[in-house]
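Descriptive structure summary
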Amino acid sequence: MKVTVINPHGFCAGVQRALDHAYKAKKEHPNQHIYILGNLVHNEKVISDLEKDGFIILDERKKSLSEWIDSLKKGDIIVFSAHGHDPHLDEKAIAKGLIRYDATCPFVRANSTLIKKRIMEGGEVIYIGQAGHAETEGTLKIDESKIFLYEPQKSFDFAQVSVKNPLLVSQTTMGTEEMKESVSLLKDHFPEIDVAARVCDATDKRQSAICTAPSDIDLYIVMGSKTSNNTMKLYDLATAKYPKAVVLRCLDVEDLKKIFLKKSKHAALISGASTGLREFEEVKAYLEKV
Ligand code: SF4
């Protein structure tokens, strides 16, 4: 099968930075356990590789992140994930005497800084995001009384929300188009709102690239986890834009092998921001032999 690689692919800078932080912690504390608070990045394969390398993942499906911090002792090493986190967890970790490595992506951190500044100035924030996503949940925890969540495609009670000196910010991995539509709608309702909503470069460039793929492509393979928002946005975009093509998502080559590939001639291969190059190249090599 002919395979066209859609660029950029592989880890984004934020994911690579998070992994670098984790391995830096390990290098600097070779004789201690390194605890990772929640999923460092949204990719089960990457998490499993970290576990094989001896990292201990504190799984938030088993206990809340706050409870996990309670269970650690002074001097333990903890790595915060790329998606950002509740700032109160920092206070808790400091109070416990934990050694912290913060892998929060600079794009997420920049949003938090803007939000905190606006709240300190007496303003309030409307945040475009997805409830339950780690980035959104961490952001709302900055100040739940001053940040209002707007979820695209879901109802929002405009009549009940009056925002003072409002700022509009968004989760970094949303769909660019849904973001633009949300901004436009929110500006209609809050004409005085300051807009700082944007998706990160890694998300934006991948979404743009998939929209300009060669026209004869009949199979789109999006690599990444179901838990990765930017991956699922790529999947949704390809599905909506190319209704005649087959669109599949897989984590790695073993995952893809379980899927029956119809008689496609030309595949486009793209990855979300938390899929590594090794897995990407393995899938490419497999497709080229189909
Ligand atoms: S996808 Fe964007 S926000 Fe997430 S880690 Fe990568 S650069 Fe940062």
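Okay, so let's go over this structure.

Turning our eyes to something else, we now look at the overall build of the chain. Looking only at helices and strands, one finds 11 helices and 12 strands in the chain. For the chain, the C-alpha radius of gyration of 20 Å lies close to 19 Å, the compact-globule estimate for 290 residues. Considered along the principal axes of its C-alpha atoms, the chain spans approximately 55 × 55 × 25 Å. Taking all contacts inside the chain whose residues are at least 6 apart in sequence as the whole, residues at least 24 apart take part in 70%. Carbon and sulfur atoms make up 52% of the accessible area of the chain, which amounts to about 14200 Å² in all.

For the rest of this paragraph, the subject is the sheet that holds strand 12 (residues 266–271). Read from one edge of the open sheet, 4 strands run 1-12-10-11, paired in parallel fashion. Where the open sheet ends on each side, the last strands, each with one partner, are strand 1 (2–5) and strand 11 (246–250). Neighbouring strand axes in the sheet, compared pairwise and without regard to direction, differ in orientation by 25° on average. By the bridge criterion, 5 bridges tie strand 10 (residues 219–223) to strand 11 in an arrangement that is parallel. Following the sheet pairing, Val 222 is matched in strand 11 by Arg 249.

Here we take up the sheet that holds strand 9 (residues 194–195). With respect to topology, 4 strands assemble into an open sheet ordered 7-6-8-9, the strand pairing being parallel. Of all strands in the sheet, those bounded by a partner on one side alone are strand 7 (147–150) and strand 9. Those strands touched by helix 7 (residues 176–189) are strand 6 (124–128), strand 7, strand 8 (166–170) and strand 9, and its axis lies near 145° from that of strand 6.

So, about the site of the ligand. If you check the shell around the ligand, you find Cys 12, Gly 14, Val 15, Cys 105, Phe 107, Thr 172, Thr 173, Cys 200 and Ala 273 and nothing else. Of the residues that constitute the shell around the ligand, the class distribution is 6 nonpolar, 3 polar and no charged.

Moving on to helix 9 (residues 229–241). An ideal rise of 1.5 Å per residue puts 18 Å on 13 residues; helix 9 measures up with 18 Å between its terminal C-alpha atoms. When helix 9 is considered as a whole, its buried residues turn out to be Asn 229, Asn 230, Thr 231, Lys 233, Leu 234 and Ala 238.

So, how was this worked out
- Residues numbered from 1 in each chain as written.
- Predicted model: local features only at pLDDT ≥ 70, side-chain atom pairs only at ≥ 80, totals over all residues.
- Heavy atoms only, no water.
- Helix = DSSP H or I, 4+ residues; strand = E, 2+ residues; numbered from the N terminus.
- Rg over C-alpha atoms; globule rule 2.2 N^0.38 Å.
- Contact = heavy atoms within 4.5 Å.
- Areas by Shrake-Rupley, 256 points an atom, 1.4 Å probe, with all protein chains shown as cover.
- Pairing = 2+ DSSP bridges.
- Axes fitted to C-alpha atoms, helices over the stretch in contact; angles between N-to-C directions.
- Near = heavy atom within 4 Å.
- Nonpolar A, V, L, I, M, F, W, Y, C, P; charged D, E, K, R; others polar.
- Expected span 1.5 Å × (residues − 1).
- Buried < 20%, exposed > 50% of the residue type's maximum accessible area, 1.4 Å probe, protein only.

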